[in-house]
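Residues per chain, in single letters:
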Amino acid sequence: NPQSLHYIRDNVMNQYQSCIYNVGSIVCPYDSDQLFPVYGFGGKVGKEVSHCFPLTFDPNNPNVQGLQGILTAYRNSLANVQLSGPTFFAPIISAATQLARASFETSRTYTILMILTDGIINDMPQTIEAIVDAAETPLSIIIIGVGNADFGAMDALDGDEKGLQTRSGKKARRDIVQFVPFNKFSGGNDALLASSVLAEIPKQVSDYCQFVGFVPT
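Below is a summary of the structure that appears in this document. (Residues numbered from 1 in each chain as written. Predicted model: local features only at pLDDT ≥ 70, side-chain atom pairs only at ≥ 80, totals over all residues. Heavy atoms only, no water.)

## Re the nonpolar core
Argument step 1. If you look at the biggest cluster of nonpolar residues, it comprises 28 residues, and the most contacted ones within it are Ile144, Leu193 and Val197.
Argument step 2. Of all the elements in the fold, those that place two or more residues in this core are α1 (15-27), α2 (66-77), β9 (139-145) and α6 (190-198).
Argument step 3. Per-element tally for this core: the top contributor is α1, with 6 residues.
Argument step 4. Beyond its immediate stretch of four places on either side in the chain, leucine 193 contacts Asn22, Val23, Ile26, Val180, Phe182 and Phe185.
Argument step 5. Counting residues in hydrophobic clusters, the runner-up holds 25 residues, among them Leu113, Ile128, Val132 and Ile143. (Core = buried A, V, L, I, M, F, W, Y, C linked by side-chain atoms within 4.5 Å. Buried < 20%, exposed > 50% of the residue type's maximum accessible area, 1.4 Å probe, protein only. Helix = DSSP H or I, 4+ residues; strand = E, 2+ residues; numbered from the N terminus. Contact = heavy atoms within 4.5 Å.)

Structure representation (structure tokens):
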């Protein structure tokens, strides 16, 4: 479907590919081993809709090498995944939270989860619960809005104006979400895009280290 944001053309990046390339060029250099676990959500793999599946289709090895590996995994996955709703964020955030805990315990590594989305979300209460839980772990979440949809829900998850709180009244211990609408920077202002993507990460890392009493060396 040429109207789809995922439509693949030869020699022309679709909006997801452009977003992966431009934002990936900003964040990927901060990773020391250049091995990135890449997951999809809201897709039918085989006969089942999954909200957290590795784009390598190997649950034991979700990692790809470098930015080019991410782009290749994305393109290859479109031949094996049928796009499907609903769109749930909570499972992918919970999986990243577990990974963040394990990575910090083994190597004192801080984890950043980057989510690319067209703005639709069907599990807002569960997603808020997952983010509030994740706020106590070494994890930051960068949400990149792709396309021109209504991103009001993403602004709410960002929580800059009003901190996140679950239905039971539990408040997020710290702000860990940054939302960036990609089309706002489609004019090629790479410096402004970089500053927006990374704007809150240093404070989020610092806040977590203070929270657990860890002094980076």
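## Points about the pairing of strand β10 (residues 177-181)
For a regular strand, side-chain orientation follows a simple rule: the groups alternate between the two sheet faces.
Argument step 1. Of all 5 residues that make up β10, 4 are buried, and the element is covered over most of its length.
Argument step 2. Where β9 lies against β10, 5 bridges are found, and the strand directions are parallel. Bridge assignment links isoleucine 143 to a residue of β10, and that residue is phenylalanine 179.
Argument step 3. Of the crossover connections in this fold, the one passing from β9 over helix α5 (residues 152-158) to the parallel β10 is right-handed. (Pairing = 2+ DSSP bridges. Right-handed = clockwise from strand over helix to strand, strands pointing away.)

## What about unusual backbone geometry?
Argument step 1. The linkage connecting glycine 85 with the following residue, proline 86, adopts the cis geometry, with an omega of 0°.
Argument step 2. Summarising the element assignment, proline 86 is placed in the loop between β7 (81-83) and α3 (90-107).
Argument step 3. Even without glycine at this site, arginine 108 takes up a positive phi of about 55°.
Argument step 4. You can see arginine 108 is positioned in the loop between α3 and β8 (111-117).

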